[in-house]
Amino acid sequence: MSFSSEIKEELTGQVPAARHCQLAELAAIASACGTFSLRQGGRLFFIIQSENPLAVRKAAMLIFRSFRIRPEVSVVGGGNGQKSRLFLLAVLEDESVSRLLKALKFMTERGALRDPERPPSGLLVQSSCCRRAFLRGSFLASGSLSNPERSYHLEISSENMDKAEQIRDLITGFDIEA
């Protein structure tokens, strides 16, 4: 097991007691590897997909703790010579998705969806405990860490510059150069 995997395993077991911190961590995971939209017929869906089972497991745990919603979790691939597996989490029931998206600030109270390419709302990271939870979720979803016995190197990747800048700003808010 890699050093990053060991750290992610440990972080998966850390569940914030406060709901606002749970939402911040879940928003970070959803921002990194989630999607939400309307299906045909105007029905909402929320999906998280990752090659990292720990990110999906943590998201499922946070959704259950925060909303008492049991998301569907499945695995795609990994058989018939396929090397990688993709872990999927889905919430498909309209009312549940609506509650989830509104709490994560991905949907307005009137039901308008935010652009999923925009970074999560700054309202979710107002306090330092929520900023830590958001960074934990970002790391679980798309981060890596080198073994400090060799050299320190933390990396959290994003395919979106605005999201990357949000993560950088949160890190520098803790007086850490990023």
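Residues numbered from 1 in each chain as written. Predicted model: local features only at pLDDT ≥ 70, side-chain atom pairs only at ≥ 80, totals over all residues. Heavy atoms only, no water.

Participant: Even after reading the chapter, I still don't get the packing of aromatic side chains, so can you show me in this structure?
Facilitator: What describes a pair of aromatic rings is the distance from one ring centre to the other and the angle between the planes of the rings. Overall, the coordinates contain one aromatic pair when judged by the stated rule. With 4.9 Å between their ring centres and 20° between their planes, Phe36 and Phe106 make a pair best called stacked. Taken together, the residues span a long stretch of sequence, with Phe36 in strand 1 (residues 34-38) and Phe106 in the loop between helix 4 (94-103) and helix 5 (128-142) at a distance of 70 residues. Judged by relative accessible area, Phe36 falls into the buried class, the value being 8%. Across from the ring centre of Phe67, 4.8 Å away, lies the NZ or CZ of Arg19, which sits over that ring. (Phe/Tyr/Trp six-rings, centres within 6.5 Å; stacked < 30°, edge-to-face > 60°. Helix = DSSP H or I, 4+ residues; strand = E, 2+ residues; numbered from the N terminus. Buried < 20%, exposed > 50% of the residue type's maximum accessible area, 1.4 Å probe, protein only. Lys NZ or Arg CZ within 6 Å of the ring centre and 35° of its normal.)

Participant: Explain unusual backbone geometry to me, please; I cannot follow it from the model alone.
Facilitator: Across the chain, the bulk of peptide bonds are trans and the bulk of non-glycine residues have phi less than zero. One non-glycine residue, Arg68, lies in the positive phi region at around 60°. Turning to its location among the elements, Arg68 is positioned in the loop between helix 3 (53-67) and strand 3 (72-77). For Arg68, a relative accessible area of 58% gives the class exposed. For Asp175, which is not a glycine, the phi torsion comes out positive at approximately 60°. A residue is classified by how much of its surface remains accessible, and Asp175, at 76% relative accessible area, is exposed.

Participant: Explain the pairing of strand 1 here, please?
Facilitator: When a strand is regular, its side chains alternate between the sheet's two faces. As defined by bridge partners, strand 1 adjoins strand 2 (residues 44-50) across five bridges and the pair is classed as antiparallel. From the neighbouring strand, Phe36 faces strand 2, where its bridge partner is Phe46. Counting the residues in the hairpin turn of strand 1 and strand 2 gives five residues, including Gly41, whose phi is positive at 85°. (Pairing = 2+ DSSP bridges.)

No statement about biological role is implied by the geometric values presented.
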